[in-house]
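Listed below, chain by chain, are the residues.
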Amino acid sequence: MDHRRNDRRKNIFRKGIVILFWLCVWQSAAAMTHNRILLVGPVQAGAAFLENLVRPDFYKIVLFSFARIGAGFLLALFAGVLLGALSYRCRVSEMFLSPLITTLKAIPVASFVVLLLIWFGSGRLSFFISFLIVFPNIYVSTMAGLKNTDRKLLEMAQVFGMTGRNRLFYLYRPALMPYLVSSLEVSLGMSWKSGVAAEVIGIPAFSLGERLYMSKIYLDTAGLFAWTFLIIVLSFLFEKAVLYIVEKFADWKPYPRVESRQKGWIGRAEWKKDRARRPERIREQAAQDNRIRLRDVGKTYGEQTVLKGISFVIEPGGHYCLMSPSGGGKTTLLNLMNRIVRADEGTIEGIPPRIGMVFQDDRLCDAYDTITNVMMTMYGTGKGNETDSCGSQGERRKETAAWIKEEALNILPADCLNRPVSELSGGMKRRCAILRAMLSGADIIIMDEPFTGLDEENRRKTAAYILERLHGRTLFVTTHREEDTALLEAVKIEL
């Protein structure tokens, strides 16, 4: 800590020396020029700045310009993000907005200024100019960020039935923020430069641009420097404030919203009841003939036939291990079952709407810890019972987080639960993915080689946990090892 504090002090000292050096250069240049109209030094500019501070209309000038330019920027930020997101979701919207964005980026600022002066007068000129300069940048960066969202994570969200809010917050937000922050760093300065330039041309009353123009008219070079310095300070403070808020939002990591389904809130008590009803559920499913049937399923990629004529039946509550050599099409078959891809021929019937999936690659959100990764995929099909014993939404999230932690300790060490999964080993990530599938509350559990990267002890421990937490649900697993079939008490199916 002391070392970091000393480094900060040294850095501040170095910056102070650099600033002092350039102030001396400026003062020396002013002294050699010896003409207050051509150039004034920092002393004269500072004196003019202090004089402006006591002007009766100083704060009115600052407030009006700040409000116009700031409002234009904030509206551009809101509209750019909103319309960028809309265009990402809707191809028609992107098609119609593309010519507008191209036009806004190509038209010179001077043309905008003249047109807006004719249409709206000078009073709102800086507002519109700030908006028109910033909006295309925000729109384009929003589109680029959302399109950069990891496709595999979006597939994971689709399979688990993740709520729209959780997708927005935990999948789209991390992909969007680097693009948005980079665009803001450029746009913030541009909004102030273009906004003040528009005020200089339009000369609206009580504006910074008007003061710059009047300084030019009266050859008040010291005043010109003073007002310019004020504009730089306001632009700097506005930029820091906006970026601080945006970066805080990007770093914010609350627990996801977890809502209940119709039968009630998911938590420790509900899982115990579900486990107690296991024999009854199996009988009910058998009576309703909820079997999963694959009939002559086939899938072809280009000229390569991956699957052909696959047919079998999965009984409700059964355990199945699908085995075949590498490249035999196991992962493709699972992607057909979880609806990521469609079969080219044949039918798959009886797959429940909600699936707990362990993918061949873990597909975890690396920036978040185990608890958050599990919670974001839990039930979100209902609004929840606000009168239940869990209390408010915040209390229910804490209760659910505590329960997930208890469950995680069955297969994961305690010291890894609150760390981002990017810092975990491959075996820990695998167990986190298994935990996510088991606690999602899905009606069927599908796992693609779930024990990859686990040693023998953790294989047995994790397999025992899976069997204990199935609660009568169907288990369908792909594997290369005969031993896994025995560990999971499963029926072997060969492709």
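The shown structure was predicted, so the numbers you read here are calculated from the model rather than taken from an experiment. (Residues numbered from 1 in each chain as written. Predicted model: local features only at pLDDT ≥ 70, side-chain atom pairs only at ≥ 80, totals over all residues. Heavy atoms only, no water.)

1. So, the overall build of the protein
Applied cut-off: Runs of H or I in DSSP of at least four residues are treated as helices and runs of E of at least two as strands, each being numbered from the N terminus. We call two residues in contact whenever any of their non-hydrogen atoms come within 4.5 Å of each other. Per-residue accessibility takes into account occlusion by the displayed protein chains alone, with areas from the Shrake-Rupley method and a 1.4 Å probe.
The helix and strand inventory of the protein stands at 18 helices and 8 strands. The contacts in the protein between residues at least 6 apart in sequence include a share of 75% that link residues at least 24 apart. With an accessible surface of roughly 25100 Å², the protein has 60% of that area assigned to carbon and sulfur atoms.

2. Observations regarding the side chain of Thr 372
Mapped onto the elements, Thr 372 comes out in helix α14 (residues 370–375). Once you skip the residues sitting within four places of it in the chain, Thr 372 turns out to touch Tyr 170, Tyr 255 and Pro 256.

3. Quick word on the packing of aromatic side chains
The relative placement of two aromatic rings is captured by the distance of their centres and the angle of their planes. As a reminder of what qualifies: Between the rings of Phe, Tyr and Trp (Trp by its six-membered ring), a pair exists once the centres lie within 6.5 Å; its type follows the angle of the planes, with under 30 degrees stacked, over 60 edge-to-face, and the other angles tilted. Partly exposed describes any residue whose relative accessible area lies between the buried limit of under 20% and the exposed limit of over 50%, with all areas from a 1.4 Å probe on protein chains only and scaled to the type maximum.
As enumerated under the stated definition, the model contains 20 aromatic pairs in all. Both rings, one in Phe 49 and one in Phe 229, keep their centres 5.5 Å apart while their planes meet at 85 degrees; by these two values the pair is edge-to-face. One end of the pair, Phe 49, is in helix α2 (residues 42–53); the other, Phe 229, is in helix α10 (residues 221–251), and 180 residues separate them in sequence. A residue is classified by how much of its surface remains accessible, and Phe 229, at 44% relative accessible area, is partly exposed. Measuring from centroid to centroid gives 4.5 Å for Phe 120 and Phe 128, while their planes differ by 20 degrees, and the two rings are stacked.

4. With respect to helix α8 (residues 164–202)
Note the following rule: For a helix, the expected span equals 1.5 Å multiplied by the number of residues minus one. By definition, a residue's bend is the angle between the axes fitted to the seven residues ending there and the seven starting there.
The end-to-end C-alpha separation of α8 is 45 Å, well short of the 57 Å expected for 39 residues at 1.5 Å each. For α8, the principal kink sits at Arg 173 and spans about 55 degrees; a proline, Pro 174, occurs within the next four residues.

5. What to know about the nonpolar core
We apply this condition: Only buried residues count toward a nonpolar core. Its members are Ala, Val, Leu, Ile, Met, Phe, Trp, Tyr and Cys residues joined through side-chain atoms within 4.5 Å.
Ranked by size, the top nonpolar core spans 123 residues in total, and within it Leu 184, Leu 333, Met 447, Ile 466, Phe 476 and Leu 488 carry the most contacts. Take this core: its biggest share by element is 13 residues, from α8.

6. Digging into unusual backbone geometry
Positive phi outside glycine occurs at Asp 296, with the angle close to 50 degrees. With relative accessibility at 49%, the residue Asp 296 sits in the partly exposed group. Positive phi, normally seen in glycine, also occurs at Arg 339, with a value near 75 degrees. When you line up the elements, Arg 339 lands in the loop between α13 (330–337) and β4 (345–349). Taking relative accessible area as the criterion, Arg 339 reaches 39% and is therefore assigned partly exposed.

7. Side note on the sheet that holds β4
For clarity, the threshold we go by: When DSSP locates at least two bridges between a pair of strands, those strands are taken to pair. Angles here are taken between N-to-C directions and fall from 0 to 180 degrees, while the axes themselves are lines fitted to C-alpha atoms, restricted in helices to the stretch in contact.
On the basis of which strands lie adjacent, the open sheet formed by 3 strands has the order β2-β1-β4 and antiparallel pairing. Looking at strand neighbours, the two that pair on one side only are β2 (304–314) and β4, the edges of this open sheet. Within the sheet, the average angular offset between the axes of one strand and its neighbour, ignoring direction, is 20 degrees. Across the sheet, α13 touches β1 (292–301), β2 and β4, and the angle it forms with β2 is around 60 degrees.

8. Some remarks on the sheet that holds strand β6 (residues 444–448)
Here 5 strands make up an open sheet; going across it, the order is β5-β6-β7-β3-β8 and the pairing parallel. Each edge of the open sheet is held by one strand with a lone partner, namely β5 (355–358) and β8 (491–494). Sheet twist, expressed as the average angle between the axes of neighbouring strands with direction ignored, equals 20 degrees. Two strands pair when backbone bridges link them, and β5 and β6 are joined in this way by 4 bridges, in the parallel orientation. Bridging from a neighbouring strand, Gly 356 pairs with Ile 445 of β6. Strands in contact with helix α16 (residues 426–439) are β5 and β6; relative to β5, the strand with the most contacts, it is inclined by about 175 degrees.

9. Quick look at the pairing of strand β7 (residues 474–479)
Burial within β7 is extensive, with 6 of its 6 residues counted as buried. Burial of the side chains of β7 extends over both faces: Thr 474, Phe 476 and Thr 478 are buried on one face and Leu 475, Val 477 and Thr 479 on the other. Where strand β3 (residues 319–323) and β7 come together, 5 bridges link them in parallel fashion. Each residue of the ladder has a partner; that of Met 323, found in β7, is Thr 479.

10. Topic: the state of the cysteines
Condition: Two cysteine sulfur atoms form a disulfide, by the criterion used here, when they sit within 2.5 Å.
Taken as a whole, this structure holds 0 disulfides when the rule is applied. For the unlinked cysteine Cys 416, the closest cysteine sulfur is that of Cys 432, found at 8.0 Å. The exposure class assigned to Cys 416 is buried, which follows from its relative accessible area of 0%.

11. A look at the environment of Ser 215
Its location among the elements puts Ser 215 in helix α9 (residues 208–217). When the C-alpha positions of Ser 215 and Phe 225 are compared, they lie 9.2 Å apart, and in sequence the two are 10 residues distant.

12. Re the side chain of Ser 194
Note the threshold: Definition of a polar contact: a pair of N or O atoms within 3.5 Å, with one able to donate and the other able to accept a hydrogen when the atoms are protein atoms, and with sequence-neighbouring residues admitted only if both atoms are side-chain atoms.
Within the secondary structure, Ser 194 is located in helix α8. Using a relative accessible area of 9% as the deciding quantity, one classes Ser 194 as buried. Of note is the side chain of Ser 194, whose polar atom sits 2.7 Å from the backbone oxygen of Met 190. A polar contact of 3.3 Å, which involves the side chain of Ser 194, links it to the backbone oxygen of Ser 191. Dropping the residues within four chain positions of it, Ser 194 is found in contact with Ile 129, Ser 130 and Ile 133.

13. A short note on the packing of α9 against α10
Just so we agree on the cut-off: Each angle gets one of four labels, with under 35 degrees taken as roughly parallel, over 145 as roughly antiparallel, 65 to 115 as roughly perpendicular, and the rest as oblique. The hand of a helix crossing depends on one turn: near helix anticlockwise from the far one by less than a right angle means left-handed, and clockwise means right-handed. Only Asp, Glu, Lys and Arg are considered charged, only Ala, Val, Leu, Ile, Met, Phe, Trp, Tyr, Cys and Pro nonpolar, and every remaining residue, Gly among them, polar.
It is the contact of α9 with α10, at a shortest axis distance of 8 Å, that shows an interaxial angle of 160 degrees. As judged from the angle between their axes, α9 and α10 are roughly antiparallel. Classified by chirality, the crossing of α10 by α9 is left-handed. In contact with Leu 208, Arg 211, Leu 212 and Ser 215 of α9, α10 contributes Gly 223, Leu 224, Trp 227, Thr 228, Leu 230, Ile 231 and Leu 234. Here the residues of the contact of α9 with α10 sort into 7 nonpolar, 3 polar and 1 charged.

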